[in-house]
Amino acid sequence: MSASPAYSEEKGGSSSLGEPEYGHDPASGGIFSSDYKRHDDLKEMLDSNKDSLKLEAMKRIVAMIARGKNASDLFPAVVKNVACKNIEVKKLVYVYLVRYAEEQQDLALLSISTFQRGLKDPNQLIRASALRVLSSIRVPIIVPIMMLAIKEAASDMSPYVRKTAAHAIPKLYSLDSDQKDQLIEVIEKLLADKTTLVAGSVVMAFEEVCPERIDLIHKNYRKLCNLLIDVEEWGQVVIINMLTRYARTQFLSPNQNESLLEENPEKAFYGSDEEDSKDDKLDAASLVKRKPYVMDPDHRLLLRNTKPLLQSRNAAVVMAVAQLYFHLAPKAEVGVIAKALVRLLRSHSEVQWVVLQNVATMSIKRRGMFEPYLKSFYIRSTDPTQIKILKLEVLTNLANETNISTILREFQTYIRSMDKDFVAATIQAIGRCATNIGKVRDTCLNGLVQLLSNRDELVVAESVVVIKKLLQMQPSQHSEIIKHMAKLTDNIQVPMARASILWLIGEYCEHVPKIAPDVLRKMAKSFTGEEDIVKLQVINLAAKLYLTNSKQSKLLTQYVLNLAKYDQNYDIRDRARFIRQLIVPTEKSGALNKYAKKLFLAQKPAPILESSFKDRDHFQLGSLSHLLNAKAVGYQELPDWPDEAPDPSVRNVEVPEWTKCTSREKRKEKVEKPFYSDSEGESGPTESADSEPESVSESESESGSSSSESGSDSGSRGEESGDQSEEEEKKKKKKKKGKEGEEEEEQGKKGKKKKPQHEGKGGSETSWEEGSISESSSSESDSGSEAEESQSEPESKRRTTPPSSKPAPKASRKGTKEISLLDLDDFTPAPPQPASSPAIVSTSLVTDLEGLTLTDASLTPTMLSPVFSTVKTYELLHRMAGEGLSVEYYFNRQPFPPDPHMVAVQIQFSNNTESEVKNLRVSEPKLVSGMRIQEFQEIESLAPGDTANVIMGIDFCDSTQAANFQLCTHSRQFYVSIQPPVGELMAPVFMSENEFKKEQGKLTGMSEITEKLTLPDKCQSDHTIVQRVTAAANVSRVPCGVDNEYRFAAKTVTSGSLVLITLERKEGARAHLTVNSEKMVIGTMLVQDVSQALAQ
Amino acid sequence: MIHSLFLINSSGDIFLEKHWKSVVSRSVCDYFFEAQERATEAENVPPVIPTPHHYLLNVYRHKIFFVAVIQTEVPPLFVIEFLHRVVDTFQDYFGSTNVGDQLPTGQLSVVPWRRTGVKYTNNEAYFDVIEEIDAIIDKSGSTITAEIQGVIDACVKLTGMPDLTLSFMNPRLLDDVSFHPCVRFKRWESERILSFIPPDGNFRLLSYHVSAQNLVAIPVYVKHNISFRDSSSLGRFEITVGPKQTMGKTVEGVMVTSQMPKGVLNMSLTPSQGMHTFDPVTKLLSWDVGKINPQKLPSLKGTMSLQAGTSKPDENPTINLQFKIQQLAISGLKVNRLDMYGEKYKPFKGIKYMTKAGKFQVRT
C-alpha cells in the first residue's frame, strides 16, 4: 500500500534521462576502475554543485542498491544531500536513507532535522513524505521524535497525512513495542476518522498493534461498514477480515439451529435421509432451551454492505467477502459467494491455487453451494499439476449419488493423462469416491483392478494402495482380487505397493490359504534386497501365517526372522525381536503369546479416506494459516460465537455525524458515495436532457408525448428502448459510412436538440427539471422497494402517496416558478412571509458590519445573523394531496435557539377546506439515525381560509437526506418529507480576509473543489453575483482586497465545519468557483448549486 | 505485510531486490530455489513456500519470479494480487503501450483513478468487447463444458472529467460481473447501465463470466482420427477443422497445438493449408492453420513413427485450439449506446467485438 506513492515519487528520477554528458564518466567505463575508485567518483559527483551530477550519482547508487550491491560507504556523501533543493535528488536520497540508516545510525541522525522541518511544510505531500521517511528509518534513538510526529500527523488537516500517520504506527511499533499504549491512543483517534482514505490504513495499524482491543471497534463499527464500499481495495481486505473477527465476538451464530447437524459432518455428507430420530429429539430439546434467533441489525448491516464487493476486480477483496460470508452468514445466504469464487478461477494460476484450496475447505462443509458449478472444476490437460490436483480434490468433495457417474466418466479421461502424478491423484480420488458412495464401490473397484494391468508402474502401485484400502471394507467377497494382486508381487517394484500387497495377503490369508505361504516363500528369498517398508510387511506376513498356518510356514518364518535379526535397520531388528517373542511360545514369554492371534488378526477398522481439507475451516478462510494448515506467526484465532450476545448498545454512537446518520437506510448511498452521489444527481438530469429531445428529433410523432410522459419513469423508459433499437438499425445501415459519418450525425442531432432548450419560458430549465423528476421518482421507487424489505407498511404507503409530495421539494430547489411547471398550474406559490423574517440584512450592511468587527480581530470566526435576499418556499403538502390542507415551508435562516445544531424550518399551513382542521402536529418521524427533529407545538385548530406559521428544528447531520415524518390532523395523516438544499445546511460566519486565507490554506487537496464556469450576461454585476450566491447558500461575504474575487464563509450547522466559497472572475465571462470544506460531499454539492445559481 | 521483494529470472539470478523493512538476506531465496527444483516446472512451484522464519509468496510472469518475503499472517491473495499489480505496472511502465508515460497521480483526488488536467486534441473513446470461450469437447464431439469469459477493455482519451454511460441491448446476460472501481455499482444494480468517470488511457472496464450452466455456442469443430497400432511402429494421424456456429462470420487465426505422447518419435504430415511443425524433443505438434474456408476445410494428415519395440501409448493427445472471430461476441452481448456528460465536446466513439478461443480443448 505504501509502495505506490513511493513509487510515483521515484518515477520522477527518470525524467531527465536525456542528460547528455555526465551520464558516462570515464572512470566507470574503464576496465581498470575498481569498485573503490568508482565510489570515489560518485562521491565527487555528489559533492558537486550541479544538481544534474548529483541526480546521476544518486540514480546509480539506487540502482546499485536494487541489484543488492553494497553502497553503505557512500552514506556520509549521500546524507549531506538530504537538504538538497532539487526534489528529484531529494527523493532518491530518501530511498538511500531508508535502506542504510539502520546500519549508520549516528550519521543518519544528521538528516533528522530536515524531516522535522518537512513535517511542518504547508504542502501536504511534503508533510506526508517526511513522515514516511522518518518512520521508515529504523534508528531507535529517534523513537520519541517519531512518536511526536505521528501524534501530530494524526491531527493533520489533510486526510492524506493522517493516512501516512496510520502507516507509520506499525513501523514504530516494530521498532519499539514499549510505545504500544501511546500508539493505541493514536489508533483510537484515527479510528474515529471519517474519511475513507484513512479507514483502511488505521485498521491495518490496529491489526498489527492491538488486534485484541476489540472494544476500540464498537463505536466505529457502523461507520466502517458504511464507508467500506468507498475505501480503496487493499483497505477493504483488511477491514473485512477484522470485521469478521469482530462479528464472531459480538453476534450470535445465525446457524445455531443447525449447529447440531454440523457437528456431525458425516451425516451432512450423506444427506438428510439418513437422519435418525434420536438426533431430531436432541435437536428439538436444545431448541427449546434457546431463544428464537433474531439477527442483530448490525450483523445484517455487515452482510449487506460487503455483498456488493463480491464484484470487485480484486481477487483478495472477493476472497475476503467470501470468507466473511462463510463464517458469518446464515447457511441459506452463503451460496452467493460460489459464483464469485468460481469467477476467480479464470485468474492467474497463483490466484487459482489459493482460491481452490479455500473452495476445497468450503465444499466439505457446504457442498450444495458449489454443486451447480461442478463443470467449472473439470480439468484441462494444460492446467499445471498443482492446480489439477486441487480441482480433483474439489470434484471429489462434490461427488454424490446423483453426479457420481458424470464425475467417474471424467476421472476415466484423467486416468489416461500423460501427467502421472495427476493420474496417481485421480486414483486416490476414485478410492475416496468409492468409500463415500456405497453405490459405486464395486464399479470403482473393478475399474481400479483393470488399472492393475496398466503399463505404468506408478499407476499400478497407486491402484494397489487404494484397492487395499477398499478391500478392507468387504474382504470376503474379493478373494479373486486378492489372488490377482498376489501375482503382482512378481512384477511390481514400487515399495509402497509391494508392502500393501503383502499386508493384504497377511490380513486375509484365510481367503487365500494356498497362495499366501508361497508369497512368503518368494519374499523370503528376496528379503535382503527389499526396501524397509517391504521388509516390515514381510515380517508381518510371516507372523500372521505362523499363527494361522504354522505347519506350512514355521520354517519360513524362522528364516525371515533370522534375516531380520541381522538387518542393518534397527527398526527391523527391533520388530523381528518383538514378533519372535510374541508368536513363538517360550517359557519367558508368558501369557502374552496366548493372545498373539488376537493381537495380529484382530478386526481392523477400514481406513476412512478423507479429504486433507477436512476441518480446516477452524482457521479463518483466506488466511495464510488456512493455506498452510498451521498457525502462522501473528495469526489471530477466529473466535467461536458467544452463547449470549454482548450488549449491542456499545455500538451506538451519541455524537451524530453525517457518515453515521446513514447507517440503516439504503438511501445512504447518496451520502456514502460522496463522489458518486453528486455526479449521479448530475448525470441523471443530463441524461434525460439528452435522451428525451433525441426521441423528439427522431420520431416526430412522439414529440408530443415525450414531454408529458417525462414524469412517469416507466413510460419514458419504454419509449427510449424503442428508439434505441431504431437507432441501432440506423447504425447498421450507416456502418459503411464509417464512424466519421456517425459522428456527424450525432452532432447534427445534438444541434437539433439544443433548439428546444432555448425556446419558451425557462427553456433550459425544463430539461433539467424533467431530469430531476425522473431521477427523484426513480430514487423514490428505489427506496420504496428497499423499504419493503426492511421496513413495514407505512413506508410502502408513502410510496403510494401522490408523487408531488416527494419530488416537489427537490425540484423546487431551483426556485418557485418551476413549481407551476410541474404542478399543472393549479398552484400559486404563497408569498414569502415578511413578518417571520425580521432580520433581513442587506449585503452592503454586512460589509459595513464587517469593517466594524475587524478591529476585534477575534481568531474564532463568529456566527453572523443570516443574510439573504430572496426566500424560496417549498411545498410540503399539496392542496390536492392534503384534501384542502396545503403546507409549505422555507428555511428562514434564523438560528434555532432550542438547539444550535438544528436548521430552522418555517412551516406555513393554510386551510382551504370548508371546515376546521384540528390538532395539527408531527408524528412518527422516520429519520436516518443521527437525524433529529424538534417538533413544533401542536396547532389546536385552524379555521377555514386561515393560515398559521410555526417553526420546527431539524438536525440534518450535515447531509441532504430528507427528514421524513407524518403530518397529522384530527382526522388524517400525511406522509411528508423535508429535504434541505445543501446551501441551507450551514450558517454564515464572519471572518477577516487573513483568517479566510489561513483557513483556506488548511483545506486544500481533497477538501478543495474547483469548477470553471461562464457567467451569463445578466450575472455580471457585483450585486447580482453576491445576491445569487447568498440566495443559493446561507453564507456571509468575506471582505476581499482583490477586485475580481468574491469570498463567502459559513459553518455547517451540525458539526460546525467551515465552508469557504471563492469566486474568481477571469477575463471575459469566465470564472473559477472554489469551495473549501472538510465535508467533501457538501463541498461538491455546493459547487453545483452555486454554479447553477450563477448560470441562471 | 510484504517485507522484501526479490526478482528472479529464468536462469536463477536475483537481479533486483527491494526491502521495505529491515534487510532480509537474499539467501532466503535458497528455499525458493529448492522448491523450484522439486517442482521441475515453473508453473508447479507452489505460490506459498513456508521457511523456518519467513513465508515466500511468489508469482511467475514473463519468465520472472516475483518473490515476496512475508513474516506474519497475511491473506495470501492480498500479496499475490498485489504482486500481479506490480507486474502490470512494470509492464505498462517499461512496455511499449502508450499509457506508459503516466503513472497514477490521483492519490489526493476525489477520483483517484484519473489524473487531473487531461487534455487531448482528438477526443476518442474505444471499447473492445472481447470474449473467450473455454471449452472441453469430448472424443465424440459433444461439449463437456463450455463457458465464456468476457471483458470490455477501453481506451479512453478524453479531455477533462467526462462522465460516461454505457448501456447494453441485453444486459441480462451479465449476471456475473466484476468492475473497475470507477463503475457506479448502485446504478448498475438498479438500471443495468454502466456509469463511470473513466481512467485516462487503457483500462479494463468490466469482466464478466457466462457460466457453464448456460448454453454456449461452439464456433468450430475438429474431426480427428488418431490411432496407434500395437503391432506396427506407425500410427495414423488425421485432423480436420471446420466451422460450426459462427453466425456467418469468418473464423481466422486458427492454430492447432497438441502434446504428443512420449512414444512418438516423429511425424510426417501434410497440411491442406498453413504451416506445421513437430518438435521431436518436446513432442509438441503445432499447426498454424490461418483462415477456415468452409468450402475447403483445412486438414492435416499423415503418419506418426513410434518407438519400436514399445507398446502403443495408452493415451491419445488432447488438441488445443486457438481461433479468432472478428465482429462477434459469441454470447450475443451488444452495446446499445455510449453517452458522455460533464464535458461539452463531442468525442469520437468506437466499439469493437471479438471472440477468441480461451482454453479450448478437444479430447481424442
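These numbers come from a predicted model, not from an experiment.

(A) Quick peek at the overall build of chain A. Tallying secondary structure elements over chain A gives 49 helices and 16 strands in all. Sorting the 1096 residues of chain A into buried and exposed places 56% on the buried side. Here chain A displays about 47,600 Å² of accessible surface, and carbon together with sulfur accounts for 52% of that area.

(B) Main features of the overall build of chain B. Tallying secondary structure elements over chain B gives 3 helices and 21 strands in all. Intrachain contacts of chain B at a sequence separation of at least 6 include 69% that bridge at least 24 residues. Of the roughly 15,400 Å² that chain B leaves accessible, carbon and sulfur atoms contribute 52%.

(C) How the structure looks around the pairing of strand β16 (residues 275-279) of chain B. Residue and element names in this part refer to chain B. Pairing between β16 and strand β17 (residues 284-290): 5 bridges, direction antiparallel. Following the sheet pairing, Thr277 is matched in β17 by Ser286. In this antiparallel pair of consecutive strands, β16 and β17, the connection spans 4 residues, and Lys283 shows a positive phi of 65°.

(D) Region of interest: the nonpolar core. Formed by 244 residues in total, the largest nonpolar core has its most connected members in A:Ile61, A:Tyr96, A:Leu341, A:Met362, A:Phe377, A:Phe411 and A:Met485. With 12 residues, helix α19 (residues 315-328) of chain A is the single largest residue contributor to this core. Residues in contact with A:Met485, not counting those within four places in the same chain, are A:Leu452, A:Val464, A:Ile467, A:Leu471, A:Ile501 and A:Leu504. Ranked by size, the runner-up nonpolar core spans 70 residues in total, among them B:Ala125, B:Phe127, B:Leu306 and B:Tyr345.

(E) Spotlight on the packing of aromatic side chains. Inspection of every chain in the model, using the stated rule, returns 28 aromatic pairs over all chains. Seen from their ring centres, B:Tyr60 and B:Phe65 are 4.3 Å apart, and the 35° between their planes marks the pair as tilted. Overall, the relative accessible area of 29% leaves B:Tyr60 in the partly exposed class. In this arrangement the basic side chain of A:Arg366 is found over the ring face of A:Phe326, its NZ or CZ atom lying 5.6 Å from the centre.

(F) Main features of the side chain of B:Asn58. Structurally, B:Asn58 can be placed in strand β4 (residues 55-61). Of the polar contacts made by the side chain of B:Asn58, one reaches the backbone oxygen of B:Pro46; its length is 3.1 Å. If near-sequence neighbours (up to four positions away) are discounted, B:Asn58 is found in contact with A:Glu350, B:Phe32, B:Val45, B:Pro46, B:Pro47, B:Ile49, B:Phe65, B:Phe66, B:Val67 and B:Leu83.

(G) Spatial organisation of the interface of chain A and chain B. Every contact between the two is made by 103 residues of chain A and, on the other side, 105 residues of chain B. The contact between chain A and chain B buries some 9,300 Å² in all, and 54% of this surface belongs to carbon and sulfur atoms. Of all residues in chain A, A:Arg346, A:Arg380 and A:Met418 give up the largest surface area on contact with chain B, accounting jointly for 9% of the area buried on that side. Connecting chain A to chain B are 6 salt bridges. One salt bridge connects B:Arg85 with A:Glu233, and the closest N-O pair in it is separated by 2.5 Å. Taken together, the links from chain A to chain B amount to 29 residue pairs in polar contact (both at pLDDT 80 or more). Considering each element in turn, the side of chain A that touches chain B owes the most residues, 9 residues, to helix α38 (residues 674-698) of chain A. Class assignment of the residues belonging to the side of chain A that touches chain B gives a composition of 39 nonpolar, 28 polar and 36 charged.

(H) Region of the structure containing the pattern of salt bridges. Residues and elements named next belong to chain A. Enumeration over the complete set of coordinates arrives at 53 salt bridges over all chains. Arg213 serves as the salt-bridge partner of Asp215, at 3.1 Å between the closest nitrogen and oxygen. By relative accessible area, Asp215 is classed as partly exposed at 38%. The salt bridge partner of Arg932 is Asp899, with a shortest N-O separation of 3.0 Å. Taken together, the residues Arg932 in strand β6 (residues 932-934) and Asp899 in the loop between β3 (885-895) and β4 (903-911) connect sequence positions 33 residues apart. What emerges from the salt-bridge pattern is a single network uniting Arg222, Asp296, Asp298 and Arg651.

(I) Representation of the sheet that holds strand β2 (residues 14-19) of chain B within the structure. All names here are of chain B. Spatially, 5 strands are ordered β2-β1-β5-β4-β3 in an open sheet, and the strand pairing comes out antiparallel. Each edge of the open sheet is held by one strand with a lone partner, namely β2 and β3 (48-50). Strand-to-strand twist of the sheet, defined as the mean angle between neighbouring strand axes without regard to direction, takes the value 20°. Bridging between β3 and β4 involves 3 bridges; their strand directions are antiparallel.

(J) Here's a closer look at the environment of A:Glu875. Structurally, the position occupied by A:Glu875 is in strand β2 (residues 874-877). Judged by relative accessible area, which is 3%, A:Glu875 ranks as buried.

(K) Spatial organisation of the sheet that holds strand β14 (residues 252-259) of chain B. All names here are of chain B. Pairing in this open sheet of 9 strands is mixed, and the strands run β9-β11-β7-β6-β21-β19-β14-β17-β16 from one edge to the other. Looking at which strands have only one partner, the edges of the open sheet turn out to be β9 (177-179) and β16. Strand after strand, the sheet turns through a mean of 15° between neighbouring axes, direction not considered. Taken together, the 6 bridges between β14 and β17 define a ladder with antiparallel strand orientation. Bridge pairing in β17 places Met255 opposite Asp288.

(L) Representation of the confidence of the model for chain A in the model. Residues and elements named next belong to chain A. The predicted model of chain A averages 76 in pLDDT, with 73% of residues at 70 or higher. Within chain A, the element-level pLDDT minimum falls on helix α45 (residues 817-822), averaging 37, and the maximum on α19, averaging 96. When the criterion is pLDDT under 50, residues 1-34 qualifies, and its contacts beyond four places in sequence or with other chains add up to 49 contacts. Note on residues 260-285: pLDDT under 50 across the span, and 21 contacts to partners over four residues away in sequence or across chains.

Cut-off values and rules
Residues numbered from 1 in each chain as written. Chains lettered and ligands numbered in written order. Predicted model: local features only at pLDDT ≥ 70, side-chain atom pairs only at ≥ 80, totals over all residues. Heavy atoms only, no water. Helix = DSSP H or I, 4+ residues; strand = E, 2+ residues; numbered from the N terminus. Buried < 20%, exposed > 50% of the residue type's maximum accessible area, 1.4 Å probe, protein only. Areas by Shrake-Rupley, 256 points an atom, 1.4 Å probe, with all protein chains shown as cover. Contact = heavy atoms within 4.5 Å. Pairing = 2+ DSSP bridges. Core = buried A, V, L, I, M, F, W, Y, C linked by side-chain atoms within 4.5 Å. Phe/Tyr/Trp six-rings, centres within 6.5 Å; stacked < 30°, edge-to-face > 60°. Lys NZ or Arg CZ within 6 Å of the ring centre and 35° of its normal. Polar contact = N/O pair within 3.5 Å; in protein donor to acceptor, adjacent residues only side chain to side chain. Buried area = accessible area lost by both parts, 1.4 Å probe. Salt bridge = Lys/Arg side-chain N within 4 Å of Asp/Glu carboxyl O. Nonpolar A, V, L, I, M, F, W, Y, C, P; charged D, E, K, R; others polar. Axes fitted to C-alpha atoms, helices over the stretch in contact; angles between N-to-C directions. pLDDT = per-residue confidence, 0-100.

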